[in-house]
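# Descriptive analysis of the structure
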Amino acid sequence: MQDTPSTLQLGRFQATALTVGVVGLAAAVIAGFLSPEGLFFQSYLYAFLFWLGLALGCLVLLFAQHLAGGSWGALIRRPLEAGVAVLPVMALFFIPLLFGLNLLYDWTNADFVAKHPLVNAKTDYLNVPFFILRSIIYFGLWSFAAFFYLHQSAKQDRSESESGKIAYRLRRISGPWIVVYVLTMTFAAVDWGMSLTPEWWSGIYGAIFMISQAISAISFIIGVMVVLASRDRSIDKLLTSKRLQDLGNFLMAFTMFWAYISIGQLIILWSNNVVETATWYTVRFDSTLWTGMGLFLLFFGFFAPFLILFSRWVKRKRRALVLVAIWAIFVQLTNLFWFIIPNFERSGFQLTLLDILLLVGIGGIWLAVFSRSLSSRPILPLQDPRLKGAEHA
Amino acid sequence: MAVSSKKTARAVVEIDRVIGKGEQYGAIDDVINDPVLAGPLKTPRWWWVGFAIAMTFLGVYLTSIIYLITKGTGVWGNNVPVAWGFPIINFVWWIGIGHAGTLISAILLLFRQPWRTSINRFAEAMTIFAVVCAGLYPILHLGRPWVFYWLAPYPNTLGLFPQFRSPLDWDLFAISTYGSVSVLFWYIGLIPDLASLRDRAASSFQRLLYGTLCLGWNGSAKAWQRYQRAYLLLAALSFPLVLSVHSTIALDFAVSQVPGWNNTVMPPYFVAGAVFAGFAMVIILAVPLRKAFGLEHLITLRHLDNCGKLMLGTGMVVLYGYTVELFMAWYSGVEFERYMAFNRVFGNDHWWAFWLLIACNGLAIQPLWLRSVRQSPFWLFVISIIVSIGMWLERFVIVAITLTKDFLPSSWADYKATFWDWSLYLGSLGLFATLFFLFIRLLPSISGTEVKELVHHDAHHGSDYLEDIRADFFQEGKTGEAGA
Amino acid sequence: MSEASTLRADLAGSELFGLAAEFNTPEEILAAANRARETGYKKIEAYTPYAVEGLDEALGHQPTRLGWVVLFMGTLGALGGFFMQWFSNVQYYPLNIGGKPLNSWPNFIVITFECAVLVSAFTAGLFMLARNGLPKPYHSIFNTPNFEHASRDKFFLCIETADQNFDLERTKQFLEDQMPNQVSEVEL
């Protein structure tokens with residue numbers, strides 16, 4: 001029916017990414033020892049949350065395409081699976097954070113808790129052993145999902161007779177898995193991000209994290225697909241302008257939803273003006289720098305890409321869409337920075353060398369694992385029933 | 001009611017195609033237009049019976065309004081602290097029901113989901129009628145409904161302007177925009193079908209009526225080109241509009257400082273709840289409608305299946321909302337928030353409402369994971385009724401129970417709805433039903449033009465290859481499942 | 001009946017709107033429209049029961065600019081909506097509510113958005129109707145025999161007399177060559 005999908009040779013890219021990652025991490029560790037106390041962990045948390053978010057975004061898109069996806073889902077399945085394969089590695093990357101908990105989170109500090117009754121009331125939830133236990137549960141579930149889906153996928157490739165059954169099984173369990181993802185990620189966002197401002201709380205916070213992950217992941221996938229299409233004929237043929245437009249529409253819809261819940265949170269907390277919930281915006285609207293970044297997110301993170309993505313032409317042109325996707329990833333990096341870093345009350349210019357080194361370091365390892373997984377198997381799922389008719393659509 | 005269990009074979013055939021096979025242009029026209037064009041004497045008996053019942057309730061509605069206006073809002077159970085009782089509960093309930101109509105029309109058009117074509121028309125009508133029912137509530141709630149226009153900005157002798165920081169004024173803008181854009185969208189969608197009715201008119205009165213309403217539409221290619229672009233743009237605008245309308249309603253609650261309302265998860269969770277209730281209402285209307293008019297080939301099991309899926313999805317989001325609400329109340333560490341959550345779940349007076357709503361919205365939808373349930377009109381109908389009740393209870397819990405016990409224990413008070421609360425609510429159902437009966441009698445409840453386009457698309461491109469693949473896929477899965 | 005047909009013959013040529021050919025399927029009318037355009041006819045129009053994909057291109061119609069008009073008007077609506085709130089609550093009648101700044105822009109977002117949507121939607125709808133010349137109580141094309149099927153199951157292609165290349169005999173022959181159900185003269 002079609003050319004047998006080839007297996008990519010990504011050895012050189014993988015080696016480069018690995019080298020960059022190791023060098024970046026090593027440099028970060030050295031810079032960390034030379035920097036003021038705590039700076040390393042602040043940057044580490046930021047970089048870690050971004051790359052973990054990318055992997056989790058791939059995970060939820062993998063679920064979603066199994067659940068609802070037509071041929072576009074089958075087309076992007078391999079890159080998604082490769083992104084998911086990084087999750088167990090990200091679990092290992094979490095371990096160093098445990099050594100910096102007391103530098104990052106005020107609620108670990110008994111004096112601080114004693115002085116703040118609202119934080120004191122939360123100690124049933126915000127305490128180190130429970131925090132670690134929860135993190136183990138999150139990573140356990142996510143890694144299990146990663147292994148399970150990769151395993152089933154490999155099984156599906158091998159056997160033609162079983163493929164329909166496996167596809168059906170994956171489809172059926174993807175709904176419940178989305179539920180698991182949403183719940184774990186909600187609490188994970190509370191643990192890792194929200195509790196940086198321990199008195200503050202906001203119900204939509206977890207959802208902003210999730211949609212942010214989805215934006216990063218779909219943008220990343222758009223980039224990967226376009227690169228793959230330039231190197232592989234079968235992908236080139238399948239990545240029609242219509243399917244590209246589908247991916248672009250997802251990016252647009254996610255961007256809209258992200259802006260919608262972010263602005264909703266702003267309107268509510270700003271209007272409430274209650275001591276315990278307004279603090280978060282007080283920090284971010286008090287300095288020109290953070291206000292400026294917030295406005296940048298509104299105008300260049302939402303309005304600009306939204307208006308550009310309204311054009312069908314952009315969504316159907318590979319190169320144009322990739323540019324928008326790269327911009328979207330940059331915006332999400334900024335968004336996460338705006339979420340995480342103001343909590344630390346850094347002085348002066350907020351971006352440090354450590355932020356960049358760690359972003360590059362963890363990212364190098366991430367991409368190395370990703371490319372290793374992507375090149376270990378054919379780049380199209382062999383027995384996906386949805387691909388059998390894909391050329392006709 | 002035909003339950004699909006013994007009709008699996010037919011179900012599979014219907015999965016193949018959104019619209020039943022072999023429908024031809026003329027036949028489609030007749031199926032849709034004949035009931036509309038039939039003379040007054042040929043109106044089916046069930047219509048007269050239904051219309052009479054609806055009119056009775058409309059009478060109850062008008063009586064309640066007259067009594068309310070003569071006596072004042074004291075006839076309701078509203079008190080201090082529960083200043084927002086039934087009127088706001090029912091307002092939110094109605095407007096939520098309206099949203100599914102817009103969503104079906106707009107979003108599914110944008111995402112090019114062909115299964116919308118058969119149900120979008122009556123879903124849009126449902127939206128408009130629900131907005132009418134909803135919009136009257138806050139106006140009546142004003143106490144002096146005849147001066148409701150004070151909410152609008154206009155030059156007046158006092159030199160006053162509305163207070164635009166208040167979400168209640170946002171409501172005015174959101175709902176009037178929503179109502180008028182919905183009517184516009186619905187009417188633009190109707191124009192070609194009205195032209196088709198004009199050309200098929202049996203009497204000169206009908207020709208005059210539909211000829212005037214269709215504005216002289218002639219179906220030229222240039223007109224179609226502009227029409228389609230305008231329709232798509234309206235759809236694209238309706239999508240964020242729906243989001244904004246119910247978010248604004250959520251903001252009515254959320255920007256206050258009342259514990260239990262002051263939560264940032266409110267806007268999306270309210271929107272999901274609205275869609276959830278709305279799809280339930282679509283099913284409640286679609287199941288009898290397809291039966292009564294013999295539209296089973298146009299509103300197929302596939303449509304119901306998809307509505308069921310959307311109900312399940314939005315229902316799960318609503319459950320997520322409950323979870324986050326309760327967790328955040330506890331996590332906040334704020335005494336009032338924690339007490340509010342406790343009072344909702346275990347409070348002496350109204351604990352049953354919370355648990356009943358969890359049963360209705362949380363448990364009752366779980367069977368929708370099964371395809372056999374989603375494809376059974378009977379069970380879908382039952383679940384939809386339960387969900388409608390559940391969503392009403394949700395608003396009851398959020399609006400009334402939250403207010404009974406807030407910051408000051410000395411001003412705690414219970415809330416009891418009165419006879420006039422109930423009569424106005426039941427009466428508003430009568431208003432909705434009356435309008436709906438008139439609609440299905442006087443206007444085509446399915447968009448003939450769009451169904452024809454779909455049939456053409458099918459014929460032109462052969463069978464929809466992907467859909468067939470998916471059907472096979474189901475089959476394989478089914479046998480695999482049976483084996484396991 | 002016969003009187004009417006002689007009358008029609010008298011009027012032919014001088015009082016004609018055009019010639020209309022009736023087809024059964026969208027494929028036929030697409031092909032006919034393409035050929036008419038290639039032959040050099042400019043004033044051609046097709047009348048169909050639903051929007052046939054590609055027919056506007058086949059007839060040589062330019063794409064509509066409705067989207068840009070709507071975008072422009074929507075922006076005006078947003079600016080107008082914000083101005084209304086800013087002017088009335090900051091300039092004209094400043095109100096101090098809960099100690100909020102007079103220009104409480106986060107609280108103005110919702111109405112600004114609603115105004116943008118309202119103006120855009122009505123621009124889209126009304127501009128479309130206006131450009132299509134609706135409402136229009138009379139249009140010559142309705143004189144075409146059997147035209148009531150144009151909203152049901154038949155597809156009509158009309159070459160208008162206003163066309164430079166229009167010639168009653170030759171154009172009639174051209175339309176006959178497209179194998180329609182019938183070709184008829186459409187009175188003005």
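Residues numbered from 1 in each chain as written. Chains lettered and ligands numbered in written order. Predicted model: local features only at pLDDT ≥ 70, side-chain atom pairs only at ≥ 80, totals over all residues. Heavy atoms only, no water.

So, about the domain arrangement of chain C. As a measure of interface size, the accessible area lost when the parts come together is often cited. What the domain assignment lists for chain C is domain 1 (3–60 + 141–187) and domain 2 (66–131). The straight-line distance from the C-alpha centre of domain 1 of chain C to that of domain 2 of chain C is 46 Å. (Domains from an automatic or database assignment.)

Turning next to the packing of aromatic side chains. The geometry of two aromatic rings is summed up by the distance between their centres and the angle between their planes. A full pass over the atoms with the stated rule returns 108 aromatic pairs over all chains. Taken together, a centroid distance of 5.9 Å and an interplanar angle of 20° make the contact between Phe63 of chain A and Trp177 of chain A stacked. Here Phe63 of chain A is found in helix H2 (residues 39–68), whereas its partner Trp177 of chain A is found in helix H10 (residues 163–192), with 114 residues between them in sequence. The same class applies to Phe63 of chain A and to Trp177 of chain A, which are both buried. Ring centres 5.3 Å apart and planes at 10° place the aromatic pair Tyr339 of chain B and Trp412 of chain B in the stacked group. You can see Tyr339 of chain B sitting in helix H11 (residues 335–346) and its partner Trp412 of chain B sitting in the loop between helix H14 (377–404) and helix H15 (419–442), a full 73 residues away along the chain. Given a relative accessible area of 30%, Trp412 of chain B falls into the partly exposed group. Above the plane of the ring of Tyr125 of chain A lies Arg134 of chain A, whose end atom (NZ or CZ) is 3.7 Å from the centre. Directly above the ring of Trp338 of chain A sits Arg284 of chain A, whose terminal nitrogen or CZ lies 5.8 Å from the centroid. (Phe/Tyr/Trp six-rings, centres within 6.5 Å; stacked < 30°, edge-to-face > 60°. Helix = DSSP H or I, 4+ residues; strand = E, 2+ residues; numbered from the N terminus. Buried < 20%, exposed > 50% of the residue type's maximum accessible area, 1.4 Å probe, protein only. Lys NZ or Arg CZ within 6 Å of the ring centre and 35° of its normal.)

Tracing the backbone shows Gln225 of chain B in helix H8 (residues 221–254). A relative accessible area of 10% places Gln225 of chain B in the buried class. If near-sequence neighbours (up to four positions away) are discounted, Gln225 of chain B is found in contact with Asp56, His61, Gln62, Pro63 and Thr64 of chain C. (Contact = heavy atoms within 4.5 Å.)

This next bit is on the nonpolar core. Of all hydrophobic cores here, the largest spans 311 residues; its most connected members are Phe48, Trp142, Trp192 and Ile340 of chain A together with Phe122 and Phe253 of chain B. The leading source of residues in this core is H2 of chain A, at 21 residues. Excluding anything up to four places from it in sequence, Phe253 of chain B contacts Trp84, Ile88, Val92, Trp261, Met266, Phe270, Ile398 and Val399 of chain B. (Core = buried A, V, L, I, M, F, W, Y, C linked by side-chain atoms within 4.5 Å.)

Opposite the nine residues of chain C that make contact, chain A presents seven residues. In total, chain C and chain A occlude about 680 Å² of area from one another, counting both sides; carbon and sulfur atoms represent 80% of this. Considering only the side of chain C, the residues that lose the most area to chain A are Lys100, Trp105 and Pro106 of chain C, jointly responsible for 59% of the buried surface there. The interface formed by chain C and chain A holds zero salt bridges in total. Applying the counting rule to chain C against chain A returns two residue pairs in polar contact (both at pLDDT 80 or more). The leading source of residues in the side of chain C that touches chain A is helix H5 (residues 105–131) of chain C, at five residues. (Buried area = accessible area lost by both parts, 1.4 Å probe. Salt bridge = Lys/Arg side-chain N within 4 Å of Asp/Glu carboxyl O. Polar contact = N/O pair within 3.5 Å; in protein donor to acceptor, adjacent residues only side chain to side chain.)

A word on a nonpolar patch on the surface. All names here are of chain A. Side chains of Leu295, Phe299, Phe300, Phe303, Trp327 and Phe330 sit close together on the surface and give an oily, nonpolar patch of about 570 Å² of accessible area. Secondary structure elements with two or more residues in the nonpolar patch: helix H15 (288–309) and helix H17 (318–340). When residues in the nonpolar patch are grouped by element, the largest group, four residues, is from H15. Structurally, Phe299 is set in helix H15. Under the relative-accessibility criterion, Phe299 is labelled partly exposed at 44%. (Patch = residues over 30% accessible without salt bridge, like charges linked within 9 Å, V, L, I, M, F, W, Y side chains within 5 Å. Areas by Shrake-Rupley, 256 points an atom, 1.4 Å probe, with all protein chains shown as cover.)

Moving on to the interface of chain B and chain C. In this assembly, 58 residues from chain B lie in contact with 62 residues from chain C. It is Phe164, Arg165 and Arg226 of chain B that lose the most area in chain B upon contact with chain C, and together they represent 15% of the buried surface on that side. At the junction of chain B and chain C, the tally comes to zero salt bridges. Taken together, the connections running from chain B to chain C amount to 17 residue pairs in polar contact (both at pLDDT 80 or more). For the side of chain B that touches chain C, the elements supplying multiple residues, two or more each, are helix H2 (25–37), helix H6 (167–199), H8 and helix H16 (448–460) of chain B. Top contributing element to the side of chain B that touches chain C by residue count: H8 of chain B, with 19 residues. For the side of chain B that touches chain C, the class distribution of residues is 28 nonpolar, 18 polar and 12 charged. (Nonpolar A, V, L, I, M, F, W, Y, C, P; charged D, E, K, R; others polar.)

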